[in-house]
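Chain and residue survey
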Amino acid sequence: MDLVKCQVLLRAVDTGSFTKAAEELGYTPSGVTHMMNALEEELGITLLHRTRSGCSLTPSGMDLISSIREFVSAGEKVSQTVAQIQGLDVGHVTIGAGLSFARYLLPKVISKFQKKYPKITIELIESGGSRLRQLMAERVIDIAVITRQEMVSGTFIPLFLDDILAVVSSDNPLAEKKEIDIMELGDYPFIRLKASYDHDIEMLMRNRGFEPSVGLMSSDENTIMAMVKENLGVSIMAGMHVNNGPSGIVGIPFAPRALRETGLFISSEEEISPAGRKFINEIKLVVEESSRLGRIY
């Protein structure tokens, strides 16, 4: 089975289009069509449905796609290892991250990484924790930036701890407190982040028996902070957002302190490619350097 054809197949599947796959990989759409026809002929099965709007996997393709991803991943790892032995730093790494990590943590990491390894390409996929776990299982992404509580299986590489904070406007009476009991937020309308967007906050409220009176709800932390600033209510949010938030809001630690652990999720140490290892080392260096300077994000 030809590795290049399988790589093209994965891009066609992931983009949903022969044309988009061709643009990304430097082929013509007819070239991609020819390769997919040849691959299907070699395997003796139809892998893809073709329509005017794009392409999708057939049932047979769905049965095979995980094995094909494993084959491509193994082939790319071999190629990268050979290049490394030859003194070359080449490869490709697909990173999955939530919007907050993509916004506050990864730009600095990617900037430093690309300067150090200009021939290693990076692809970033932004999604929530449950979707990232699924993409890891399907081998669509190599590394996920995620919190420990969102993990199910695999290997977790810890990076740093982040406070979960009560968020109030700067003129709220609670803003003068050095720490707060979560139940004190019950005296105010609560602006809630949708449950599927932050597992850690939902677990904190559940574990401490806090059932707020929800006034408003949003899937965007910046929207919530803007509402809190206007005294529409109070909220709970990771320190990463509060420290990058607007003036006019205050983040207050809980008593007892509430923390979430952020790190990297990979399938296993044995399966990570040389390019993936380099990215892991780079993000560790950035976090260590930022910690010494007193601010990670």
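Refer to the structure above for everything that follows.
Residues numbered from 1 in each chain as written. Predicted model: local features only at pLDDT ≥ 70, side-chain atom pairs only at ≥ 80, totals over all residues. Heavy atoms only, no water.

Counted under the stated rule, the structure contains three aromatic pairs. The interplanar angle of 65 degrees and the centroid separation of 5.4 Å between the aromatic rings of phenylalanine 113 and phenylalanine 279 together place this pair among those described as edge-to-face. Here phenylalanine 279 lies in helix H11 (residues 274-292) and phenylalanine 113 lies in helix H6 (residues 106-116), a separation of 166 residues in the sequence. For the pair phenylalanine 113 and phenylalanine 279, one class covers both residues: buried. Note on phenylalanine 190 and phenylalanine 210: the rings are 5.7 Å apart at their centroids and 75 degrees apart in plane angle, and the pair reads as edge-to-face. Placement of phenylalanine 190 in strand S7 (residues 190-193) and of phenylalanine 210 in the loop between helix H8 (199-207) and strand S8 (214-218) is noted, with a sequence separation of 20 residues between them. With a relative accessible area of 2%, phenylalanine 190 lands in the buried category. Residue classification places phenylalanine 210 among the buried residues on the basis of a relative accessible area of 5%. (Phe/Tyr/Trp six-rings, centres within 6.5 Å; stacked < 30°, edge-to-face > 60°. Helix = DSSP H or I, 4+ residues; strand = E, 2+ residues; numbered from the N terminus. Buried < 20%, exposed > 50% of the residue type's maximum accessible area, 1.4 Å probe, protein only.)

On to H8. Since the α-helix advances by 3.6 residues per turn, residues separated by three or four positions end up pointing in the same direction. For H8, the set of buried residues is Asp200, Ile201, Glu202, Leu204 and Met205. Close packing links the buried residues of H8 with strand S5 (143-147), strand S6 (155-169), S7, strand S9 (235-238) and strand S11 (259-266). Positive backbone phi, at 70 degrees, marks glycine 209, one or two positions downstream of H8. (Contact = heavy atoms within 4.5 Å.)

Two side chains carrying opposite charge are able to pair once their charged atoms lie near each other. The final tally for this structure, using the stated rule, is 14 salt bridges. Here glutamate 24 makes a salt bridge to arginine 11, at a shortest N to O gap of 2.8 Å. Here the residue glutamate 24 occupies a position in helix H2 (residues 18-25), and arginine 11 occupies one in helix H1 (residues 3-15), the gap between them amounting to 13 residues. Between glutamate 184 and lysine 177 there is a salt bridge whose closest N-O contact spans 3.2 Å. For glutamate 184, a relative accessible area of 24% puts it in the partly exposed group. The exposure class of lysine 177 is partly exposed, given its relative accessible area of 34%. (Salt bridge = Lys/Arg side-chain N within 4 Å of Asp/Glu carboxyl O.)

Okay, the nonpolar core next. Counting 30 residues, the largest nonpolar core has Ile143 and Phe279 as the members making the most contacts within it. Put simply, the parts of the chain that give this core at least two residues each are strand S3 (91-97), helix H5 (99-104), H6, strand S4 (120-126), S5, S6, S11 and H11. Counting residues per element, this core draws most heavily on H11, at six residues. Those residues in contact with isoleucine 143 that lie beyond four places of it in its chain are Val93, Thr94, Ile95, Gly96, Met136, Leu264, Phe265, Ile266, Ile272, Gly276, Phe279 and Ile280. (Core = buried A, V, L, I, M, F, W, Y, C linked by side-chain atoms within 4.5 Å.)

This next bit is on a nonpolar patch on the surface. Together, Met1, Leu43 and Phe71 give the surface a local cluster of nonpolar side chains, amounting to about 230 Å² of exposed area. Among the structural elements, leucine 43 can be located in helix H3 (residues 29-43). (Patch = residues over 30% accessible without salt bridge, like charges linked within 9 Å, V, L, I, M, F, W, Y side chains within 5 Å. Areas by Shrake-Rupley, 256 points an atom, 1.4 Å probe, with all protein chains shown as cover.)

Take the environment of glutamate 23 next. Looking at the element boundaries, glutamate 23 is found in helix H2. Glutamate 23 sits 162 residues away from leucine 185 along the chain, and the two C-alpha atoms are 52 Å apart.

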